[in-house]
Amino acid sequence: MDPIETTISPAKESPNDREIIREVLGGHTQSYEALIRRYQDRIFGFCMTTLSNREEAEEAAQEVFVKAFRSLARFRGDAAFSTWLIRIAVNECRDALRRRSRRRELSLEELQDKYGEQARTLFLDPAGEADSEMADLVDQLLSSLRPEERTLLVLREREGHSYTEIAAILGCSVDAVKARLRRARQSLREMARHFSP
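Anyway, here's the lowdown on the structure attached to this text. Computed from a predicted model, the values in this text were never measured in an experiment.

The next point concerns the packing of helix H5 (residues 81-100) against helix H9 (residues 147-158). Contact geometry of H5 with H9 gives a least axis separation of 10 Å together with a crossing angle of 140°. Here H5 is positioned oblique relative to H9, judged by the angle of their axes. Crossing geometry of H5 relative to H9 is assigned as right-handed. Seen from H5, the contacting residues are Ile 86, Val 90, Arg 94, Leu 97, Arg 98 and Arg 100; seen from H9, they are Pro 147, Glu 148, Arg 150, Thr 151 and Leu 155. Among the residues forming the contact of H5 with H9, the class breakdown is 5 nonpolar, 1 polar and 5 charged.

This is the structure we're talking about:
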């Protein structure tokens, strides 16, 4: 594009989420692609962190957008669209973890043999991993938690959501979020005892 045209043409402001939703509900379903493009990396990232499996994460993320599209008319707008979408992702990942529950995960003994003292350190500071091997270990350790505990720790420690945002995503009070996070962190501390020398 000619630089002169760029300075003359006014910048087109992209529509906000609510405007896009109105378009979709008004029959312009192709507008939904804009929401997918806007949030696909964030949703996939959440699913990948929660499920620790690329194929499952891709399937879950796709299902999140399908379910959101089917339920779009029920979006009340009490919270941001992104919060509503994360809530769907949380539920989808919980379902995937439940389906997977029969599948064997690494035992604590195998983790101890493989990672030793590194695992204990990460249990005490789950947000402190720095490289891909450590990230892999954290994912494996998280996979041994109950889905609810894992979801909370991912939302807070990995995604960096505030207590208020997590409360909106999970549909509970901030006090409940804090209490559940305390329990999830306590579970990690209890597991750390398995890695004590």
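The rest of the description comes next.
Turning to the pattern of salt bridges, a few remarks are in order. Per the stated rule, a full pass over the model turns up 10 salt bridges. Residue Glu 58 pairs with Arg 54 through a salt bridge whose shortest N-O separation is 3.3 Å. Taken together, the residues Glu 58 and Arg 54, both in helix H4 (residues 54-70) and 4 residues apart, mark about one turn of the helix. In this structure, Lys 67 engages Glu 92 in a salt bridge whose closest nitrogen and oxygen atoms are separated by 2.6 Å. A residue pair is termed long-range when its members are at least 10 positions apart, and Lys 67 in helix H4 and Glu 92 in helix H5 qualify at 25 residues. Accessibility expressed as a relative area gives 31% for Lys 67, which makes it partly exposed. We classify Glu 92 as buried; its relative accessible area is 6%.

Residues Lys 178, Arg 180, Arg 182 and Arg 183 make up a contiguous surface patch of positive charge. Of note, Lys 178 is situated in helix H11 (residues 174-192). Accessibility expressed as a relative area gives 35% for Lys 178, which makes it partly exposed.

Thresholds applied
- Residues numbered from 1 in each chain as written.
- Predicted model: local features only at pLDDT ≥ 70, side-chain atom pairs only at ≥ 80, totals over all residues.
- Heavy atoms only, no water.
- Axes fitted to C-alpha atoms, helices over the stretch in contact; angles between N-to-C directions.
- Helix = DSSP H or I, 4+ residues; strand = E, 2+ residues; numbered from the N terminus.
- Parallel < 35°, antiparallel > 145°, perpendicular 65-115°, else oblique.
- Left-handed = near helix turned anticlockwise from the far one by under 90°.
- Contact = heavy atoms within 4.5 Å.
- Nonpolar A, V, L, I, M, F, W, Y, C, P; charged D, E, K, R; others polar.
- Salt bridge = Lys/Arg side-chain N within 4 Å of Asp/Glu carboxyl O.
- Buried < 20%, exposed > 50% of the residue type's maximum accessible area, 1.4 Å probe, protein only.
- Patch = residues over 30% accessible without salt bridge, like charges linked within 9 Å, V, L, I, M, F, W, Y side chains within 5 Å.
- Areas by Shrake-Rupley, 256 points an atom, 1.4 Å probe, with all protein chains shown as cover.
- Lys, Arg positive; Asp, Glu negative; His and termini not counted.
- Charge placed at Lys NZ, Arg CZ, Asp CG, Glu CD.

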